[in-house]
Every structure is written in structure tokens, then in C-alpha cells.
Amino acid sequence: MDIEIFLDCSEGDPQNHALAIQKFHEWFAEGAEVKCNKLPFRSLTPLPETNRYLLDLGYADVIISLRTLHARINRLGVKAFFHFA
């Protein structure tokens, strides 16, 4: 399943912007890691627009994956918008 993700950093503290992007990439790396009894993400493609990414979730659980991302970046004042392609 492909999802377009937009990280909206406009309302957060500008100092947290780089940390939020780092947390996003850590989230992807952990989801892409092959583990026993877990379906990994397939790919992450940066899009030309700022803070937009195309994520191929593969067969990973959509709800758990997106809740985990929200938990990591929401406290930094960053909103994640999802568009299911």
C-alpha cells in the first residue's frame, strides 16, 4: 500500500524541525528492518515538495505504523498528513 506523507512543521518550534525529520527517518528505518513475525516497510521515496514522502508500507499494519509515527513527532509540534494512493 502506498501512502503519501506530508510533515507539516509550520506550527512547531523551528528548532524541532530537524529533530522531527530525524525521528521520521528513524521510524522508517525501524519499520523497514526485517524482524521475526513482523512485515517490513518496502520503500521510502522523497518527493520534490518539501517534507513530502511516498511510503510503500508493503503488508505492514497501517494503523499501528501511522500511530507510531504520530506518537514520535506530535510532541515536537509536527503534524503528519496522509494521502492513501
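All figures in this text were calculated on a predicted structure; none of them were measured in a lab.

What counts, and at which threshold
- Residues numbered from 1 in each chain as written.
- Predicted model: local features only at pLDDT ≥ 70, side-chain atom pairs only at ≥ 80, totals over all residues.
- Heavy atoms only, no water.
- Pairing = 2+ DSSP bridges.
- Helix = DSSP H or I, 4+ residues; strand = E, 2+ residues; numbered from the N terminus.
- Axes fitted to C-alpha atoms, helices over the stretch in contact; angles between N-to-C directions.
- Contact = heavy atoms within 4.5 Å.
- Core = buried A, V, L, I, M, F, W, Y, C linked by side-chain atoms within 4.5 Å.
- Buried < 20%, exposed > 50% of the residue type's maximum accessible area, 1.4 Å probe, protein only.

K.L.:
Before we go on, may I ask you to explain the sheet that holds strand 2 (residues 43-46) in this structure?
P.N.:
Note on sheets: strands pair through backbone hydrogen bonds, and any given pair is parallel or antiparallel. If you walk across this open sheet you meet the four strands as 2-3-1-4, and the pairing is antiparallel. At either margin of the open sheet sits one strand with a lone partner, and together these are strand 2 and strand 4 (79-84). Each strand axis lies, on average, 25 degrees off the axis of its neighbour in the sheet, ignoring direction. Together, strand 1 (2-8), strand 2 and strand 3 (52-56) form the strand contacts of helix 1 (residues 17-32), whose direction differs from that of strand 3 by roughly 10 degrees. Contacting strand 1 and strand 4, helix 2 (residues 62-73) runs over the sheet at an angle of about 155 degrees to strand 4.

K.L.:
Honestly, the pairing of strand 1 in this entry has me stumped. Any pointers?
P.N.:
Remark: a regular strand shows side chains that alternate across the two faces of the sheet. Inspection of the sheet shows strand 1 paired to strand 3 by five bridges, in the antiparallel sense. In the strand pairing of strand 3, Phe6 is matched with Arg52. In this structure, strand 1 lies alongside strand 4, joined through six bridges in antiparallel fashion. Within strand 4, the residue paired with Glu4 across the bridge is His83.

K.L.:
Help me understand the nonpolar core in this model?
P.N.:
Note that soluble globular proteins tend to have their nonpolar side chains buried in a common cluster. Ranked by internal contacts, the top residues of the largest apolar core, which has 21 residues, are Ile5, Leu7, Phe24, Trp27, Phe41, Leu55 and Val78. Looking at this core, the elements that each hand over two or more residues are strand 1, helix 1, strand 3 and helix 2. The biggest single contributor to this core is helix 1, with five residues. Other than its neighbours up to four places away in sequence, Leu55 contacts Met1, Asp2, Ile3, Ile5, Trp27, Phe28, Phe41, Ser43 and Leu44.

K.L.:
Hey, could you run me through the environment of Glu33 in this one?
P.N.:
By secondary structure assignment, the location of Glu33 is in the loop between helix 1 and strand 2. For Glu33, a relative accessible area of 40% gives the class partly exposed. In this structure the C-alpha to C-alpha distance between Glu33 and Arg52, which are 19 residues apart in sequence, comes to 22 Å. For Glu33, the residues in contact, after removing those within four places along its chain, are Lys38 and Pro40.

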